[in-house]
Amino acid sequence: MRKVWIISSVMLLAGCNYFQSEKVPVSAPQALSAKALMYNTKNELVGEIDLKETEKGVELTAVINNLTPGEHGIHLHETGKCEAPTFETAGAHFNPTKKQHGINNPLGPHKGDLPNLEVDETGQVQLNFITADFTLEKGQQTSIFDEDGTSIIIHEKRDDYKTDPSGNSGARIVCGVIE
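Now for a look at the structure at hand. Remember, it's a predicted structure, so these values are computed and weren't measured experimentally. (Residues numbered from 1 in each chain as written. Predicted model: local features only at pLDDT ≥ 70, side-chain atom pairs only at ≥ 80, totals over all residues. Heavy atoms only, no water.)

## Considerations on the nonpolar core
Logical step 1: In this structure, Met38, Ile49, Leu51, Leu60, Ile64, Phe134 and Ile152 are the most contacted members of the largest nonpolar core, which totals 27 residues.
Logical step 2: Those elements that place two or more of their residues in this core are β1 (33–40), β2 (45–54), β3 (57–64), β5 (74–77), β6 (117–119), β7 (125–131) and β8 (151–155).
Logical step 3: At 4 residues, the largest contribution of residues to this core is made by β3.
Logical step 4: Sequence-distant contacts of Met38, that is, excluding residues within four places in its chain, are made with Glu44, Leu45, Val46, Gly47, Glu48, Ile49, Ile64, Ile152, Ile154, Val174, Cys175 and Gly176. (Core = buried A, V, L, I, M, F, W, Y, C linked by side-chain atoms within 4.5 Å. Buried < 20%, exposed > 50% of the residue type's maximum accessible area, 1.4 Å probe, protein only. Helix = DSSP H or I, 4+ residues; strand = E, 2+ residues; numbered from the N terminus. Contact = heavy atoms within 4.5 Å.)

## Thoughts on unusual backbone geometry
Logical step 1: Following Gly108, the chain continues to Pro109 via a peptide bond in cis, the omega torsion being 5°.
Logical step 2: Within the fold, Pro109 resides in the loop between β5 and β6.
Logical step 3: Pro165 follows Asp164 through a cis peptide bond whose omega is 15°.
Logical step 4: Turning to its location among the elements, Pro165 is positioned in the loop between β8 and β9 (172–177).
Logical step 5: A positive phi is found at Asn43, a non-glycine position, where the angle reads about 65°.
Logical step 6: Tracing the backbone through its elements, the reader meets Asn43 in the loop between β1 and β2.
Logical step 7: Phi is positive for Phe87, close to 60°, though the residue is something other than glycine.
Logical step 8: Here Phe87 is to be found in the loop between β5 and β6.

## Focus: the state of the cysteines
Logical step 1: Under the counting rule described, the total for this entry stands at 1 disulfide.
Logical step 2: The disulfide partner of Cys82 is Cys175, and the gap between their sulfur atoms is 1.8 Å. As the torsion about the S-S bond is roughly -60°, the Cys82-Cys175 disulfide counts as left-handed. Note that Cys82 is positioned in the loop between β5 and β6 and Cys175 in strand β9, a separation of 93 residues in sequence.
Logical step 3: Judged by its relative accessible area of 25%, Cys82 falls in the partly exposed class. (Disulfide = S-S within 2.5 Å.)

## A word on the pattern of salt bridges
Logical step 1: Applying the stated criterion across every chain yields a total of 5 salt bridges.
Logical step 2: Between Lys35 and Glu48 there is a salt bridge, and its shortest N-O distance comes to 3.1 Å. Taken together, the residues span a long stretch of sequence, with Lys35 in strand β1 and Glu48 in strand β2 at a distance of 13 residues.
Logical step 3: Given a relative accessible area of 28%, Glu48 falls into the partly exposed group.
Logical step 4: In this structure, Arg172 engages Glu88 in a salt bridge whose closest nitrogen and oxygen atoms are separated by 3.8 Å. Highlighted residues: Arg172 in strand β9 and Glu88 in the loop between β5 and β6, separated in sequence by 84 residues.
Logical step 5: For Glu88, a relative accessible area of 52% puts it in the exposed group.
Logical step 6: Residues joined by salt bridges that share partners form a network here, namely Lys35, Glu48 and Asp50. (Salt bridge = Lys/Arg side-chain N within 4 Å of Asp/Glu carboxyl O.)

Encoded structure:
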């Protein structure tokens, strides 16, 4: 009886394959993603930020080390260039819609305005949030992949979320080009 059951099962499975005339490829669209390797003013790698397009917006995840404990502003900047020690080559904030700086500014915010980072006493911060303010999809008005690229800057102080053009967040201390 056991032999009959095993032989029938094998024949049934083989028969299922026999009736399939062509193979159907299975694929799902790959999510758009990017990465920024983050360097301090001494050109030392301090972490990386991963960006991934999701249904809700772009998810940013990171672990950054060797920062001063406390709050720090973080923004997307309009140019994908990070020349130490000042990172001024990154240009102004990413602002394709020509708004003023800050979520608390009635004429804002920039599309590159991000929530402050809270760095722990060991100098490390873990970042994980989603924003619908920009996209990784090329050709869109709010795409960070334009002709001169985009960078991410961490500032020495917290962003006050209202003062134009940069929230009084101080010097640029960490920079990464989004690729």
